[in-house]
Amino acid sequence: MRTEDLLQELPQGLRDELKQLLASGITTWGQLQSLDELQISRLASSGRASARNLRRLQGMADLACSLDLAPQDAALLMHAGLATVTAIAGATPQDVLTRTGRLERQLRSGRPPVVDLAVARRWILRAKERQNTN
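In what follows, the accompanying structure is described. In this text the structure is predicted, and so the values were computed from the model without any measurement.

## Thoughts on the overall build of the chain
Secondary structure summary: the chain contains eight helices and zero strands in total. Across the chain, helices and strands are ordered from the amino to the carboxyl terminus as α-α-α-α-α-α-α-α. What you see for the chain is a C-alpha radius of gyration of 15 Å, in line with the 14 Å of a compact globule of 134 residues. When the backbone C-alpha atoms are referred to their principal axes, the chain occupies close to 45 × 40 × 20 Å. Residue burial in the chain is summarised as follows: out of 134 residues, 41% are buried. Across the chain, contacts joining residues at least 24 apart in sequence account for 53% of those joining residues at least 6 apart. As presented, the chain carries roughly 7800 Å² of accessible surface, and 49% of it is formed by carbon and sulfur atoms. Looking at the chain, you have 18 positive and 14 negative side-chain charges, and the mean spots of the two groups are 6 Å apart.

## A closer look at the packing of helix α4 (residues 51–67) against helix α5 (residues 71–79)
Running from N to C, α4 and α5 cross one another at 115 degrees; their axes reach a closest spacing of 8 Å. Taken together, the axis directions place α4 and α5 in an arrangement best described as roughly perpendicular. When the axes of α4 and α5 are compared, the crossing they make is right-handed. Between α4 and α5, the residues in contact are R56, G59, M60, L63 and A64 and P71, A74, A75, L77 and M78, respectively.

## As for the pattern of salt bridges
Summed over the entire model, instances satisfying the criterion amount to three salt bridges. Residues E37 and R55 are paired through a salt bridge, measuring 2.5 Å at the closest nitrogen-oxygen approach. On the criterion of sequence distance, the pair formed by E37 in helix α3 (residues 37–45) and R55 in helix α4 is long-range, its members being 18 residues apart. Look at E37 and you get partly exposed, because its relative accessible area is 42%. For R99, the salt bridge goes to D95, with nearest N and O atoms at 3.2 Å. In this pair, R99 and D95 are both assigned in helix α7 (residues 93–107), four residues apart and thus about one turn of the helix distant. According to the relative accessible area criterion, D95 is partly exposed, its value standing at 27%.

## Examining the side chain of N53
Topologically, N53 is positioned in helix α4. You can call N53 buried: its relative accessible area is 15%. With residues near it in sequence (within four places) discarded, N53 still touches G13, L14 and E17.

## A word on unusual backbone geometry
Even without glycine at this site, D68 takes up a positive phi of about 55 degrees. For D68, the position within the fold is in the loop between α4 and α5.

## Focus on the environment of D5
Tracing the backbone shows D5 in the segment before α1 (15–23). Taking the relative accessible area as the measure of exposure, D5 reaches 22% and is therefore partly exposed. For the pair D5 and A118, spaced 113 residues apart in sequence, the C-alpha separation works out to 26 Å.

Definitions and limits used
Residues numbered from 1 in each chain as written. Predicted model: local features only at pLDDT ≥ 70, side-chain atom pairs only at ≥ 80, totals over all residues. Heavy atoms only, no water. Helix = DSSP H or I, 4+ residues; strand = E, 2+ residues; numbered from the N terminus. Rg over C-alpha atoms; globule rule 2.2 N^0.38 Å. Buried < 20%, exposed > 50% of the residue type's maximum accessible area, 1.4 Å probe, protein only. Contact = heavy atoms within 4.5 Å. Areas by Shrake-Rupley, 256 points an atom, 1.4 Å probe, with all protein chains shown as cover. Lys, Arg positive; Asp, Glu negative; His and termini not counted. Charge placed at Lys NZ, Arg CZ, Asp CG, Glu CD. Axes fitted to C-alpha atoms, helices over the stretch in contact; angles between N-to-C directions. Parallel < 35°, antiparallel > 145°, perpendicular 65-115°, else oblique. Left-handed = near helix turned anticlockwise from the far one by under 90°. Salt bridge = Lys/Arg side-chain N within 4 Å of Asp/Glu carboxyl O.

None of this, on its own, says anything about what the molecule does.
Okay, here's the thing in structure tokens:
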């Protein structure tokens with residue numbers, strides 16, 4: 001995902017946050033990624049959006065933009081306990097596979113796993129490259 005990609009198709013549970021972001025003129029993942037704590041607090045206090053969910057979205061935006069991931073993949077990693085570029089860079093492919101697979105089984109989505117060892121390696125390599133450029 002690129003920073004200029006538009007915010008759209010967020011999970012249903014984040015519809016209030018999406019409405020609040022769009023009403024505030026925040027329309028791209030890059031704008032969401034660059035919000036500071038004060039801006040998040042103001043957004044949360046001015047509508048039905050929660051600061052907690054806005055921070056989650058910001059974390060998704062950071063992973064998605066930094067590692068060129070789809071928002072769903074960023075959310076999967078976050079909920080599997082790999083919420084930062086540093087955490088992903090320090091993980092092994094098997095660890096990423098185990099954590100994401102466990103989460104998908106707990107959710108009982110019934111779909112085939114999204115992550116395999118090749119995908120996990122690719123994500124880890126991107127995370128390590130991102131760390132080296134900072």
